[in-house]
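Letter by letter, the chains look like this.
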2 protein chains.
Amino acid sequence: MKTSTIGPEIERLIQLLARLPGLGPRSARRAALHLMKRRESLLEPLARATAEAAAAVKVCSVCGNVDTRDPCSVCTDPRRDPATLVVVEDVGDLWALERAGATRGRYHVLGGTLSPLDGIGPDDLSIAPLVARVAAGGIDEVILAVNATVEGQTTAHYITDQLAGTAARVTRLAHGVPVGGELDYLDDGTLAAAMRSRTPF
Amino acid sequence: MKTSTIGPEIERLIQLLARLPGLGPRSARRAALHLMKRRESLLEPLARATAEAAAAVKVCSVCGNVDTRDPCSVCTDPRRDPATLVVVEDVGDLWALERAGATRGRYHVLGGTLSPLDGIGPDDLSIAPLVARVAAGGIDEVILAVNATVEGQTTAHYITDQLAGTAARVTRLAHGVPVGGELDYLDDGTLAAAMRSRTPF
C-alpha cells in the first residue's frame, strides 16, 4: 500500500532521513514532504550541500576533527596554543567547546570511550596516537575534557596512566553546579563535588 | 569563532538541515556530524537521494499529491474508486490515510485551510479546482477529511456551501474516541461527540 502510492525516489529519501539522529520514521516523512514542497528553496540546495560536503569532508590526521581540510583549521591556526592539548571523546564535543570558546588549546579526538562490555578497548580509540603526540614534546598540559560518565572517567584514568612517563601535566574539567542550574534539580554527586571544589567568593 | 573552525560546506549543510521540521540548530549539528562520520554509508547516498528526489518530484495536476509522476500513482490507479473524493488539507494527511488504508477513493489536496487572520482565503486554496472537479460529474461522495480544528471545520463548512449545487453527497470523518484511547485523557468535546454518535454494540 505504502510503496504503491509513493515513488521509489521519495521512499529512499524518507529511509535515509530516518537514519538521522533526532528523526524517526514519522518525522522523516514529515521532513521529506517539507523538502519536496520546497524543491527550489530547500531540496535542491540540500542536494548540492550534501554532495559538496561529501566531496569536501576530511578527518584531520592530526587531531581527528572533521573539517574540509587536513590538517584541520584548528590544528593549522597559528593563534592556537600548541602547548595545551584538549582530549575529547567525539568531534561533537570539540565543536561544543569551540562554540563556547572554552579553550585556545588544540584538540585530540579519541573517537569514543573505553567500554569493555561493548568490546571497545584502547586499540579501538585514538589513544596510542595521543601518547605519541604528547611524547613528541612541546605539550605542557593535557586537559581531559571527557564526559562525566563512568566510561568517560574510566577512559580518563587509563589515559592518565599511559601519559605517566611524559612531561605533560594532566588535568580534567571541573565538576560543579552548571551555570544557571538550580540546586534543587541537581543530583547528589554533582552537589557533593561542587561542595568539595568550592572556591573563595 | 564558530565559522573559523568549521568549513563553509559543513556550515551550509548544518544551516539547511536546521530548516527541517523536527531539527533545531543543535540537532542539525548532530545530524551533520552523524552524516559526515558516515560519508559512504549515509552522506553520499543522501546526496544522491536528494538530487534524485529533486529531479523526480512532481505535484499532481489532478489532486495536488506529491509524487514522481503526474498524474500521481493514486489518480492513475485503476483500482481506485473514481466516485469517491477524499478532501484533505495537506499531502501529509493524504499519506497518513494511505498508510492506514482508510479509503479506496481518490484525493483532493486543498493546500491548507481558510485562515482570515493569516490572510488565507478561498483563492489561496485549491477550492475552485475541487468544485470544478465535482461539477464535472462522476463523483457520488465528497469526504471532507480535514483536521478537527476550528480552521479545518470552517474550511469544511465553506466547501460544503460551494458544493451545494452539485450532485455529490458531502460527508465528514466521524468524531469519537481514538482506538486505544483512554476516556480519562480525552477532552470534553471528544467525549461529548463520541456519546452523541454512539453506535449499537
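Coordinates for the structure precede this section.
Quick look at the structure, then. Keep in mind the model is a prediction, meaning the values are calculated, not measured.

Before going further, it helps to examine the overall build of chain A. Looking only at helices and strands, chain A has eight helices and six strands in total. Taken against the 2.2 N^0.38 rule, which gives 17 Å for 201 residues, the C-alpha radius of gyration of chain A at 22 Å runs more than 25% over that of a compact globule. On the principal axes, the C-alpha backbone points of chain A span a range of 65 × 45 × 35 Å. Within chain A, the fraction of its 201 residues that count as buried is 46%. Taking the intrachain contacts of chain A between residues at least 6 apart in sequence as the baseline, contacts between residues at least 24 apart amount to 46%. Of the side-chain charges in chain A, 22 are positive and 24 negative, and the distance between the mean point of each set is 8 Å.

Of the residues lining the interface, 59 residues belong to chain A; the matching set on chain B comes to 59 residues. Overall, the association of chain A and chain B removes approximately 5300 Å² of surface from exposure, summing both partners, and the carbon and sulfur fraction of that is 70%. Our count for the chain A to chain B interface comes out at two salt bridges. For K37 of chain B, the salt bridge is made with D90 of chain A, and the minimal N-O distance between the two is 2.8 Å. The interface formed by chain A and chain B holds ten residue pairs in polar contact (both at pLDDT 80 or more) in total. Those elements that provide at least two residues to the side of chain A that touches chain B are α1 (2-5), α2 (8-17), α3 (25-37), α4 (39-56), β2 (66-67) and α5 (91-100) of chain A. No other element matches α4 of chain A, which puts 15 residues into the side of chain A that touches chain B. Counted by class, the side of chain A that touches chain B contains 30 nonpolar, twelve polar and 17 charged residues.

Let us now look at the pairing of strand β3 (residues 81-88) of chain A. Regular strands have side chains that alternate between both faces of the sheet. Residue and element names in this part refer to chain A. Counting buried residues in β3 gives six out of eight residues, a clear majority hidden from the surface. Pairing of β3 with strand β4 (residues 105-109), which is carried by five bridges, proceeds in the parallel orientation. Along β4, the bridge assignment pairs L85 with R106. Pairing of β3 with strand β5 (residues 141-144), which is carried by four bridges, proceeds in the parallel orientation.

With that settled, the discussion passes to the nonpolar core. The biggest cluster of nonpolar side chains holds 74 residues, and the ones touching the most others in it are L17 of chain A together with L17 of chain B. Ignoring sequence-local partners within four residues, the contact set of L17 of chain A consists of L23, A28, A31, A32 and L35 of chain A together with L20 and L46 of chain B. Within the second largest apolar cluster, 17 residues are counted, among which are L125, V134, A156 and I159 of chain A.

Residue and element names in this part refer to chain A. All told, the structure shown has zero disulfides over all chains when counted by the stated rule. In this structure C60 is a free cysteine whose sulfur lies 3.8 Å from that of C63, the closest cysteine sulfur available. Free cysteine: C72, not disulfide-bonded; nearest cysteine sulfur from C63 at 3.7 Å.

Taken as a whole and judged by the stated rule, the model has ten salt bridges over all chains. Linking D77 of chain A and R79 of chain A is a salt bridge whose minimum nitrogen-to-oxygen distance equals 3.2 Å. On the accessibility criterion, D77 of chain A (10% relative accessible area) is buried. Judged by relative accessible area, R79 of chain A falls into the exposed class, the value being 60%. With a shortest N-O distance of 3.3 Å, R169 of chain B and E141 of chain B are connected by a salt bridge. Here R169 of chain B is found in strand β6 (residues 169-172), whereas its partner E141 of chain B is found in strand β5 (residues 141-144), with 28 residues between them in sequence. Given a relative accessible area of 18%, E141 of chain B falls into the buried group.

Turning next to the sheet that holds β5 of chain A. Residue and element names in this part refer to chain A. Strand order in the open sheet formed by four strands is β4-β3-β5-β6, with parallel pairing between adjacent strands. Among the strands making up the open sheet, the edge pair consists of β4 and β6 (169-172). Averaged over all pairs of adjacent strands, the angle between strand axes in this sheet comes to 30°, irrespective of strand direction. Set on the sheet, helix α6 (residues 128-135) makes contact with β3, β4 and β5; between it and β4 the angle comes to about 150°.

Within the element layout of this structure, R29 of chain B appears in helix α3 (residues 25-37). Within the buried core, R29 of chain B has no salt-bridge partner, and the shortest N-O distance to an opposite charge, that of E11 of chain B, equals 6.7 Å. Not counting residues up to four positions away in its chain, the partners in contact with R29 of chain B are W95 and R99 of chain A together with I14 of chain B.

Residue and element names in this part refer to chain A. Their axes nearest at 8 Å, the elements α2 and α3 cross at an angle of 125°. For the element pair α2 / α3, the angle class is oblique. Here α2 and α3 pass one another in a crossing that is right-handed. Here α2 contributes I10, L13, I14 and L17 to the contact with α3, which in turn contributes A28, R29, A31, A32, L35 and M36.

Thresholds applied
- Along each chain, residues carry numbers from 1 onward, in the same order as the chain's sequence is written.
- Each chain is given a letter, starting from A, and each ligand a number, starting from 1, according to the order in which they appear as written.
- Owing to the predicted nature of the model, reporting of local features is limited to residues with pLDDT of at least 70; listing and counting of side-chain atom pairs is limited to 80 or more, with chain, interface and lining totals taken over all residues.
- Excluding hydrogens and water, the side-chain figures rest on all heavy atoms present in the structure.
- Helix and strand labels come from DSSP, where a helix needs a run of H or I of at least four residues and a strand needs a run of E of at least two; each type is numbered from the N terminus.
- What the globule rule says is 2.2 Å times the number of residues to the power 0.38, and the radius of gyration is computed from C-alpha atoms.
- Here's how the labels work: a residue is buried when its accessible area is under 20% of the maximum for its type, exposed when over 50%, partly exposed in between, all with a 1.4 Å probe on protein chains only.
- Residue contacts are defined here by distance: any two heavy atoms, one from each residue, within 4.5 Å place the two residues in contact.
- In this tally, Asp and Glu contribute negative charge and Lys and Arg positive charge; neither His nor the terminal groups of the chain are included.
- Positions of charges follow a simple convention, taking NZ of Lys, CZ of Arg, CG of Asp or CD of Glu.
- The term buried area denotes the loss of accessible surface (1.4 Å probe radius) that occurs when two parts are joined, taken as the sum for both partners.
- When a carboxyl oxygen of Asp or Glu lies within 4 Å of a side-chain nitrogen of Lys or Arg, that pair is called a salt bridge.
- N or O atoms closer than or at 3.5 Å make up a polar contact, with two conditions inside protein: a donor-capable atom paired with an acceptor-capable one, and, for residues adjacent in sequence, both atoms drawn from side chains.
- Note on residue categories: nonpolar means Ala, Val, Leu, Ile, Met, Phe, Trp, Tyr, Cys or Pro, charged means Asp, Glu, Lys or Arg, and polar means any other residue, Gly included.
- When DSSP finds two or more bridges between a pair of strands, those strands are recorded as paired.
- As used in this record, nonpolar core signifies buried Ala, Val, Leu, Ile, Met, Phe, Trp, Tyr and Cys residues forming a set joined through side-chain atoms within 4.5 Å.
- Any cysteine sulfur atom paired with another within 2.5 Å is treated as part of a disulfide.
- Interaxial angles span 0 to 180 degrees and are taken between N-to-C directions of axes, which are lines fitted to C-alpha atoms, for helices over the stretch in contact.
- Note on angle classes: values under 35 degrees are labelled roughly parallel, values over 145 roughly antiparallel, values of 65 to 115 roughly perpendicular, and the remainder oblique.
- For a crossing to be left-handed, the near helix must be turned anticlockwise from the far one by less than a right angle; the clockwise case is right-handed.

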